[in-house]
4 protein chains.
Amino acid sequence: MKDLKKVTRSQGKDRTIIKIGNVEVGTDSIIIAGPCAVESEHQIVTIAKQVKNAGANLLRGNIFKPRTSPYSFSGVQTEGFKYLKEAKLQTGLPIVTEVIDLRDIEKVIEYSDVIQVGARNMQNYPLLRELGKIDKPILLKRGMMATIYEWLCCAEYICLEGNENVILCERGIRTFETYTRNTLDISSISALKEITHLPVISDPSHGSGKRELILPLCLSSIMAGCDGVMIEVHENPDASMSDASQTISLEEFRNITDKIRKTWEYRKTL
Amino acid sequence: MKDLKKVTRSQGKDRTIIKIGNVEVGTDSIIIAGPCAVESEHQIVTIAKQVKNAGANLLRGNIFKPRTSPYSFSGVQTEGFKYLKEAKLQTGLPIVTEVIDLRDIEKVIEYSDVIQVGARNMQNYPLLRELGKIDKPILLKRGMMATIYEWLCCAEYICLEGNENVILCERGIRTFETYTRNTLDISSISALKEITHLPVISDPSHGSGKRELILPLCLSSIMAGCDGVMIEVHENPDASMSDASQTISLEEFRNITDKIRKTWEYRKTL
Amino acid sequence: MKDLKKVTRSQGKDRTIIKIGNVEVGTDSIIIAGPCAVESEHQIVTIAKQVKNAGANLLRGNIFKPRTSPYSFSGVQTEGFKYLKEAKLQTGLPIVTEVIDLRDIEKVIEYSDVIQVGARNMQNYPLLRELGKIDKPILLKRGMMATIYEWLCCAEYICLEGNENVILCERGIRTFETYTRNTLDISSISALKEITHLPVISDPSHGSGKRELILPLCLSSIMAGCDGVMIEVHENPDASMSDASQTISLEEFRNITDKIRKTWEYRKTL
Amino acid sequence: MKDLKKVTRSQGKDRTIIKIGNVEVGTDSIIIAGPCAVESEHQIVTIAKQVKNAGANLLRGNIFKPRTSPYSFSGVQTEGFKYLKEAKLQTGLPIVTEVIDLRDIEKVIEYSDVIQVGARNMQNYPLLRELGKIDKPILLKRGMMATIYEWLCCAEYICLEGNENVILCERGIRTFETYTRNTLDISSISALKEITHLPVISDPSHGSGKRELILPLCLSSIMAGCDGVMIEVHENPDASMSDASQTISLEEFRNITDKIRKTWEYRKTL
């Protein structure tokens, strides 16, 4: 970690606080919720309202979906910007959405509050450099095969260009295990809280690929030190256009947010 | 998991409770502590007294140490049985120690309360079968590159011979990450609590290889559902004859047990 | 592999032949050689002449270098185009060079004969789609942790846009092994020759990270069925600005090309 | 590798030659063939005769089969010793068979010529130590998750007790790839030929899990420097009691041995 200059705590900075809407990432306990993919205006507005009622702080929803197979649903594309706008208008929830093509950055800035870089693009350096020049928080997902050092290097690429509002998001690494989709590396959260001043978010939905593990892995991630969790929620999970098996219903979401909030409160007492 | 008959919850059994001394593994919150390796009678007795005072329920200490290099310290060998005996005599703490040679089983039974099978021996089927015929609880560590299914198969090997008192111990898997020694697979704890009725213990000392991660990973493991934690503690960690970097001092141990106990209490309130 | 439509042999196509300069990739035995990074006009022209004399068919040399750390040498950038041009002018060798930013595609087309997509960009879908619209062969490196299926999906992304001249390049995958830099997955070469009609190249320089393994791994790759090898060669390997330990000297290169050619001839006799 | 004293070439020894029957492992080109599991006297005798006719030098056949699930076929057990004896009597082929329980060593010595240690037992140190005290060659398979260093340490354990006739067998490592059963690490063969004086054998049957890859991976392994190959052959592969998909028929075996022998001859000309 020695060659890193911007992202490590050894640089004197203890903690980066990022103000988004009326929350402070790095101080407050953040729940980001929403569907994996935006499917329609009706879908995203409905989910937005309900996750807001259940206590979510930010709305997630991708309109560009990088997919392994070119034959899979790849998102509603630019059509989706107005859906996201409507969801924000009706709920006030700040929007987190992924950019995969640097030519879309300007539009994404216009319609979102946090710009996500997905696992496949973690080392897309031209994209990182462009995002380093803008004035929006970046949520940088860990690459499927990235070491902690490599991941922090990517955050450094962004910070070096001037944008120091980077949020790290652990989303599972690839191992030989097949029971879970990926192996959520919860140790990396604890390790990052030692090494860096940047906020760290946990994504147990992608990290495990299994609905029934979302709650325990959220609580684990909190005790490991995370500043937020990101959860895939859908009106009708089994009909979800992507990642159905790891998506929970609105009802399940309501049931778990209370335990999540309570656990953050508990953590403060230690 | 479908071919497993003994270890899965689908067999109607919800939870295996294993009585050891005056605790019940599977019901009570278990802290197993002690040095990686027994080095002398003085060492193990001193540590035993202090971890007892700090609230440990069981004492760990290996006298046989499987080591990658034949030139590394491989334990005090059979000499150590009397040291373990003395430690138990003076503290009343039940003893957890590893067996690596099936010819030692009889002696290990005589001097210990829980018999550990280490990661390297997880698939040593003749050893598992012999341990299945005895009347002592077995602590079965996960192999460094074992899937959850393969691990449960090994527990099944033991149970099939008649001994159903098996405790599973997650100790980290091998990945490409180099910052931590292994990647503690905390998701596997949550997954196991869904699949099996056997108790599950977490070992963040081997799992991370880093002192500063022991506390957060203990707390994470608890929220993931574990029934106990196993922690390497030494009078003078840096002088420890093995695994120094992942071993904490007696003072650190006292500081963290309180938070660990409190977190188990907190978990019950959810 | 069932959802793949363009890249699999089951589509009736047995073998894709790609004409580059006066060689046919897919029929001829191809040696691609050159430095990891272009450092100066003098350097690339000197190496180009010598690898040509030693029998190389194509010249490799990157002017854009995606580097883990933002503080590492990242290539001579656009300055390097004219160096590549000069090297081609003086030797006639077709040029293979990497593109990492889709805004550079037009220039890269102008100055190169084969456009390389590096491991980190294997799943950079907007880049792949743009490369699918052009009329130049693409050399698609395998991602560090990509399965064979995921890799072929990326080739499919390119082919779907119209450009079916894709060459696959195995460059090692990430495993727990530390003796070699990566684990060159030679089985994947044999597997690909069963599955796809696209040509397959092996890169033992990145694949192993060790000079002394280049020759045996080239010969192994040939017997596994590869259509070409890509080798890092430098005038003064230890002074190489990147990847020194895996780079061989011009003299070593001359010594091994003969054995490589001979082994391809031998393979034809089987 | 620095702490290794017995197995490294830096100790002055260039090459260990092990005489078995009328072949010399380390000098001659060795083909070990036979079924994964011995099923009956008829089966093993029939296969033995035919693989001998096709040019095999040693017969493989396990009577003890370590299996992931306790419900899988685990071999004919001690019953099989007489079948192996009969196969040797009728063909003169030396026998390679696996020992998994150190209490069976004496019997295994009596009935076999090379004693195999399987991947799961690579780090079974009491077993290794006992095998170090006997006067029979040991074929030591690489553990599924072992680094080259760890593997060599296990060979060192055997040699240290006095038995320096150890043959290393690469059989594939566990990665995230799912197309092949394991990833045959052919680079490890080249690396081992640099590091150690011990003979190295390649097992593409377990290494790939796919019949159609056996031939190319044998030839690749030869060019990487291996001293022998081990191939699973069965009268009726699809009826094989274990590992059917990676087992080839006697006819296929005859077809490939010629190419294998020829490739070893070719290698000598380089």
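Everything here concerns the structure above.
> I keep staring at the interface of chain A and chain C and nothing clicks. Help me out?
Interfaces are frequently sized by the accessible area removed from exposure as the parts join. Listed by partner, the interface residues are 31 residues for chain A and 31 residues for chain C. Counting each side, the surface lost to burial between chain A and chain C is near 2800 Å², with a carbon and sulfur contribution of 55%. At the surface where chain A touches chain C, the tally comes to four salt bridges. For Arg-174 of chain A, the salt bridge is made with Glu-150 of chain C, and the minimal N-O distance between the two is 2.5 Å. Our count for the chain A to chain C interface comes out at 18 residue pairs in polar contact (both at pLDDT 80 or more). Counting only elements with at least two residues in the side of chain A that touches chain C, the list comes to helix H4 (125-131) and helix H5 (148-160) of chain A. When residues of the side of chain A that touches chain C are assigned to their parent elements, the largest contribution, six residues, is made by H5 of chain A. Taken together, the residues that form the side of chain A that touches chain C break down as 15 nonpolar, six polar and ten charged.

> Please clarify how the interface of chain D and chain C should be interpreted in this entry.
At the interface, 37 residues of chain D touch 37 residues of chain C. Between chain D and chain C, roughly 3100 Å² of surface is buried when both sides are summed, and carbon and sulfur atoms account for 69% of that area. Of all residues in chain D, Phe-176, Tyr-179 and Tyr-266 of chain D give up the largest surface area on contact with chain C, accounting jointly for 20% of the area buried on that side. Scanning the region where chain D abuts chain C turns up two salt bridges. Elements supplying a minimum of two residues to the side of chain D that touches chain C: helix H6 (186-195), helix H8 (214-224) and helix H9 (250-268) of chain D.

> Even after reading the chapter, I still don't get the environment of Ile-201 of chain B, so can you show me in this structure?
All names here are of chain B. Looking at the secondary structure, you find Ile-201 in strand S9 (residues 200-202). In this structure the C-alpha to C-alpha distance between Ile-201 and Cys-226, which are 25 residues apart in sequence, comes to 5.5 Å. Discounting chain neighbours no more than four positions away, the residues touching Ile-201 are Ile-32, Ile-167, Leu-168, Cys-169, Glu-170, Asp-227, Gly-228, Val-229 and Met-230.

> I would appreciate a short explanation of the pattern of salt bridges in the present structure.
Once the charged atoms of two side chains with opposite charge are near each other, the side chains can pair. On inspection of all chains with the given rule, the structure shows 72 salt bridges over all chains. With a closest N to O distance of 2.6 Å, Asp-101 of chain A and Arg-103 of chain A form a salt bridge. Residue Arg-103 of chain A is classed as partly exposed on the basis of its relative accessible area of 44%. A salt bridge links Glu-177 of chain B to Arg-142 of chain A; the nearest nitrogen and oxygen atoms lie 2.8 Å apart. Placement of Glu-177 of chain B in the loop between strand S8 (166-170) and helix H6 (186-195) and of Arg-142 of chain A in the loop between strand S7 (138-141) and H5 is noted, with the two residues assigned to different chains. Assigned by exposure class, Glu-177 of chain B and Arg-142 of chain A land together as buried. One continuous salt-bridge network, built from bridges that share partners, spans Asp-101 and Arg-103 of chain A together with Glu-130 and Lys-133 of chain C.

Cut-off values and rules
Residues numbered from 1 in each chain as written. Chains lettered and ligands numbered in written order. Predicted model: local features only at pLDDT ≥ 70, side-chain atom pairs only at ≥ 80, totals over all residues. Heavy atoms only, no water. Contact = heavy atoms within 4.5 Å. Buried area = accessible area lost by both parts, 1.4 Å probe. Salt bridge = Lys/Arg side-chain N within 4 Å of Asp/Glu carboxyl O. Polar contact = N/O pair within 3.5 Å; in protein donor to acceptor, adjacent residues only side chain to side chain. Helix = DSSP H or I, 4+ residues; strand = E, 2+ residues; numbered from the N terminus. Nonpolar A, V, L, I, M, F, W, Y, C, P; charged D, E, K, R; others polar. Buried < 20%, exposed > 50% of the residue type's maximum accessible area, 1.4 Å probe, protein only.

Coordinates in, geometry out; function isn't part of it.
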